[in-house]
Amino acid sequence: MRQGDAIVVDAMTTSRQRRRRYMTWSLVLLLALTLVLPLIPYAVEYAQVNDSSLVPNPGADLWRDVRQRDNPVMGQTQVRGVDTGVLIYKSGEDWRIFRMQWLAPYGAIFMGTVLGLTILFYLVRGRVPIPGGRSGKKILRFNLNQRMVHWFTVGIFLLLALTGFILLYGRFVLIPLLGPEGFSITASACKEAHNLFGPLFLFAMLLLIITFVKDNFYERGDLSWMITGGGLLGEDTDAGRFNAAQKAWFWIATVFGLALCITGLILDFAVIGQSREIMAISHVIHGTSAVVMTGVLFGHIYWATAGMEGGMESMTTGYVDANWAEAHHNRWYEEVKNEGEIEKPSEKPGPGSASAIGVASPHPGD
Amino acid sequence: MARMKFFCDAERCIECNGCVTACKNENDVPWGVNRRRVVTIKDGEPGERSLSVACMHCSDAPCEAVCPVDCFYTTDDGLVLHDKDICIGCGYCFYACPFGAPQFPTTNAFGSRGKMDKCTFCAGGPLEDLSAEEKTKYGSNRLAEGKLPLCAEMCATKALLAGDADVLADIYRKRVINRGASVMDWGVNYQKASLRAGRSQKGKASSNN
């Protein structure tokens with residue numbers, strides 16, 4: 001009796017346990033299927049991709065590593081030298097694009113535009129004469145030392161600019177004229193001259209800066225000079241020893257000239273283990289600076305020669321006419337007049353001075 | 001005409017530098033000039049691979065584009081060669097080349113480098129084929145003798161191949177298929193390959209390449 005009771009209770013508990021177990025397992029199975037079934041298409045695709053004939057290039061990972069643009073892979077090699085461990089040097093292509101698609105065409109366009117504008121300006125404006133003609137009185141503007149430094153820099157710069165631009169444009173301009181062999185000799189001479197005389201330009205630049213820097217700092221009146229275009233647009237033409245345009249030229253020459261020197265030395269002396277990348281960057285700065293400096297130089301040469309009467313002689317003889325000084329550099333003129341530095345009347349007064357009456361605003365830089 | 005190319009199989013190159021030695025010896029290049037070099041990536045780490053690099057004789061060669069004296073020319077075989085009588089040694093090709101192929105005998109002050117030297121695919125230069133002058137200036141002209149570049153001919157594992165680009169592509173495609181068949185996995189896994197190499201795979205690699 002007691003035993004039978006126990007059996008019934010046992011049967012009841014076991015059936016309840018079994019039901020619970022079934023429920024748990026079916027729940028787990030259901031869950032598992034909901035998670036796994038959607039993955040079947042992926043599995044199928046994975047199996048298809050792994051078909052033997054579609055195995056990717058076994059070197060793919062290697063090449064992906066090697067070609068990564070931002071993270072160049074450095075390898076090991078038995079060949080000693082700079083950058084020999086670099087398998088693919090990506091920046092070479094950037095440099096090629098810079099030189100062939102930027103520097104050469106846009107440099108030519110920039111320099112040609114400046115030259116064209118200068119010629120156009122001359123045709124429209126003509127030569128600016130000395131207001132009131134030549135007085136015959138002379139003022140020392142540049143002493144022998146200053147003139148020598150100036151012409152030394154000019155000589156070196158023109159040599160370097162000429163040889164440099166022959167190397168940049170000769171292939172397009174001179175090969176058709178001289179033939180490949182002829183141009184090869186020219187280019188070789190240009191390269192040697194550029195490389196040998198290049199370092200002298202640093203010397204010249206330093207001399208130039210030391211000689212002229214003291215008169216080229218900003219002064220009151222420079223801004224209004226610049227705004228009025230030195231008298232081209234308005235009446236205000238107040239200027240010291242150097243006007244604002246001359247000061248701007250001085251600082252452009254200083255900045256770009258020194259940039260040319262430093263990058264030039266990096267390119268010229270490839271013996272300190274500098275990489276191709278550094279040399280390519282140096283070349284970018286070198287080429288850009290050369291183009292900018294040459295373009296601005298056209299303006300400087302224009303005002304010193306064709307654009308204005310009486311300016312050029314300050315750099316050849318060292319003396320300027322008092323009337324010229326008074327018109328273009330009035331504050332400087334007042335200074336030297338007060339110090340009594342005006343020289344005796346020269347022997348022969350300028351012949352062209354008669355036509356100078358009545359022309360307005362002759363005040364740009366020289 | 002065939003388009004000549006080099007191809008280096010990174011799965012086969014064992015960095016023995018045999019190609020470098022063959023090149024230097026065959027072309028008698030001066031000290032310091034290495035027309036070919038072997039670069040090892042991840043040296044001593046998992047995934048180490050080596051590649052033999054020289055002039056790749058590009059279709060749109062950067063050296064040819066930037067040369068200020070236009071001394072490069074492309075042959076009918078697609079080889080990029082240059083004329084040392086025209087070259088002024090400015091080094092621009094070296095700045096532009098992605099493979100570091102152009103070499104210079106010297107690197108001195110004042111930009112003095114000497115005439116550029118690079119891999120010619122053992123095809124000499126613009127001078128008369130197999131002349132003594134060509135030999136001294138440009139090295140060997142094996143192509144004129146009907147032979148392929150010595151670096152590839154000497155390669156012990158046949159990692160470095162030289163020749164018609166179509167033929168090379170065929171060879172490489174077969175190699176890749178066989179590698180895939182033997183491992184059935186992404187890339188190549190030699191550990192798995194050795195475990196799975198059953199009867200069906202035996203002899204396949206040798207019969208196809």
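*Asks:* Sorry if this is basic, but what is going on with the overall build of chain A here?
*Replies:* Counting its secondary structure elements, chain A contains 12 helices and four strands. When the 366 residues of chain A are sorted by exposure, 42% land in the buried category. Of the contacts formed within chain A by residues at least 6 apart in sequence, a portion of 80% connects residues at least 24 apart. Of the roughly 20900 Å² of accessible surface on chain A, a fraction of 67% belongs to carbon and sulfur atoms.

*Asks:* Teacher, can you tell me more about helix α4 (residues 91-125) of chain A here?
*Replies:* Counting along an α-helix, one turn takes 3.6 residues, and residues three or four places apart therefore face a common direction. Compared with an ideal rise of 1.5 Å per residue, which puts 35 residues at 51 Å, α4 of chain A spans 47 Å between its outermost C-alpha atoms and is within 8% of the ideal. If you look at α4 of chain A, its biggest bend is around 30°, right at Phe98 of chain A. What α4 of chain A keeps buried is the set Ser91, Gly92, Trp95, Arg96, Phe98, Arg99, Leu103, Ala104, Gly107, Met111, Val114 and Thr118 of chain A. The secondary structure elements touched by the buried residues of α4 of chain A are α5 (144-173) and α9 (276-304) of chain A together with α2 (62-66) and α3 (92-96) of chain B. Following α4 of chain A by one or two positions, Gly126 of chain A adopts a phi angle in the positive range, close to 75°.

*Asks:* Mind showing me how you'd approach the interface of chain A and chain B here?
*Replies:* It is common to give the size of an interface as the accessible area that goes away when the parts come together. Every contact between the two is made by 53 residues of chain A and, on the other side, 55 residues of chain B. For the pair chain A and chain B, the interface holds two salt bridges. The partner of Asp60 of chain B in a salt bridge is Arg96 of chain A, with the nearest N and O atoms 2.9 Å apart. With 11 residues, helix α6 (residues 175-212) of chain A is the largest single contributor of residues to the side of chain A that touches chain B.

*Asks:* Just to check I follow, could you spell out the confidence of the model for chain B for this structure?
*Replies:* Close inspection of predicted coordinates is inappropriate for parts of the model with low pLDDT. Residue and element names in this part refer to chain B. On average, residues of chain B score 85 in pLDDT, and 85% of them reach the 70 mark or higher. Within chain B, the lowest mean pLDDT, 43, falls on helix α8 (residues 204-208), and the highest, 96, falls on strand β5 (residues 80-82). Confidence over residues 193-199 falls short of pLDDT 50; this stretch has four contacts with residues more than four positions distant or in other chains. Taken together, the stretch residues 201-209 has pLDDT below 50 and engages in nine contacts with residues farther than four places along the chain or on a different chain.

*Asks:* I'm lost on the environment of Ala306 of chain A in this one. Help?
*Replies:* Residues and elements named next belong to chain A. Relative to the assigned elements, Ala306 resides in the loop between α9 and α10 (313-316). With relative accessibility at 30%, the residue Ala306 sits in the partly exposed group. Each C-alpha atom of the pair Ala306 and Arg127 lies 6.3 Å from the other, and the pair is 179 residues apart in sequence. Residue contacts for Ala306: discarding those within four places in its chain leaves Tyr122, Arg127 and Ile301.

*Asks:* So what exactly am I meant to see when it comes to unusual backbone geometry here?
*Replies:* One can expect most non-glycine residues to show negative phi and most peptide bonds to be in trans. Residues and elements named next belong to chain B. For Asn17, which is not a glycine, the phi torsion comes out positive at approximately 65°. Tracing the sequence through the fold places Asn17 in the loop between β1 (4-8) and α1 (18-27). For Asn17, a relative accessible area of 14% corresponds to the buried category.

*Asks:* Sorry, what's going on with the sheet that holds strand β3 (residues 49-53) of chain B here?
*Replies:* Neighbouring strands of a sheet are bound in pairs by backbone hydrogen bonds; such pairs are parallel or else antiparallel. Pairing within the open sheet is antiparallel, and its three strands lie in the order β1(A)-β2(B)-β3(B). The open sheet has two edge strands, β1 (76-77) of chain A together with β3 of chain B, and neither has a second partner.

*Asks:* I keep staring at the pattern of salt bridges and nothing clicks. Help me out?
*Replies:* Pairing is possible between side chains that carry opposite charge, provided their charged atoms lie close to one another. Residue and element names in this part refer to chain A. Inspection of the entire model under this criterion finds 21 salt bridges over all chains. The salt bridge involving Arg134 is made with Glu313; its shortest N-O contact spans 3.0 Å. Here Arg134, found in the loop between α4 and β2 (137-140), pairs with Glu313, found in helix α10; they are 179 residues apart in sequence, far enough to count as distant. Its salt-bridge partner being Lys138, residue Glu313 comes within 3.4 Å of it at the nearest N-O pair. With Glu313 in helix α10 and Lys138 in strand β2, the pair connects residues that are 175 residues apart, well separated along the chain. By relative accessible area, Glu313 is classed as buried at 16%. Via salt bridges that share partners, Arg134, Lys138, Glu309 and Glu313 belong to a single interconnected network.

*Asks:* I'm lost on helix α12 (residues 330-338) of chain A in this one. Help?
*Replies:* Every buried residue of α12 of chain A is listed here: Trp332, Tyr333 and Val336 of chain A. When α12 of chain A is viewed along its axis, its buried side chains cluster within an angular range of 100° and face the same direction.

*Asks:* Is there a simple way to think about the pairing of strand β6 (residues 160-164) of chain B in this case?
*Replies:* Residues and elements named next belong to chain B. Summarising burial for β6: four of the five residues are buried, a large majority. Alignment of β1 against β6, held across five bridges, turns out to be antiparallel. Across the sheet, residue Lys5 finds its bridge partner in β6, namely Gly163.

*Asks:* Would you mind going over the packing of α6 of chain A against helix α8 (residues 244-268) of chain A with me for this structure?
*Replies:* Between two packed helices, the angle of one axis relative to the other and the distance separating the axes together describe the packing. Residue and element names in this part refer to chain A. For the pair α6 and α8, the least separation of the axes is 9 Å and the interaxial angle reads 150°. Taken together, α6 and α8 sit at an angle that is classed as roughly antiparallel. Our pair here, α6 against α8, has a crossing hand that is left-handed. Contacts from Asn195, Pro199, Phe201, Leu202, Met205, Leu206, Leu208, Ile209 and Phe212 of α6 reach α8 at Phe250, Ala253, Thr254, Gly257, Leu258, Leu260, Cys261, Leu265 and Asp268.

*Asks:* Explain the nonpolar core to me, please; I cannot follow it from the model alone.
*Replies:* Membership of the largest hydrophobic core comes to 32 residues, with the highest contact counts inside it found for Trp95 and Phe183 of chain A together with Val69, Cys71 and Phe72 of chain B. Not counting chain neighbours up to four residues away, the residues in contact with Phe72 of chain B comprise Cys63, Glu64, Cys67, Val80, Leu81, His82, Cys93, Met116 and Lys118 of chain B.

Procedures and definitions
- Residues numbered from 1 in each chain as written.
- Chains lettered and ligands numbered in written order.
- Predicted model: local features only at pLDDT ≥ 70, side-chain atom pairs only at ≥ 80, totals over all residues.
- Heavy atoms only, no water.
- Helix = DSSP H or I, 4+ residues; strand = E, 2+ residues; numbered from the N terminus.
- Buried < 20%, exposed > 50% of the residue type's maximum accessible area, 1.4 Å probe, protein only.
- Contact = heavy atoms within 4.5 Å.
- Areas by Shrake-Rupley, 256 points an atom, 1.4 Å probe, with all protein chains shown as cover.
- Expected span 1.5 Å × (residues − 1).
- Bend = angle between axes of the 7 residues up to and from the residue.
- Salt bridge = Lys/Arg side-chain N within 4 Å of Asp/Glu carboxyl O.
- pLDDT = per-residue confidence, 0-100.
- Pairing = 2+ DSSP bridges.
- Arc of directions from axis to C-beta.
- Axes fitted to C-alpha atoms, helices over the stretch in contact; angles between N-to-C directions.
- Parallel < 35°, antiparallel > 145°, perpendicular 65-115°, else oblique.
- Left-handed = near helix turned anticlockwise from the far one by under 90°.
- Core = buried A, V, L, I, M, F, W, Y, C linked by side-chain atoms within 4.5 Å.

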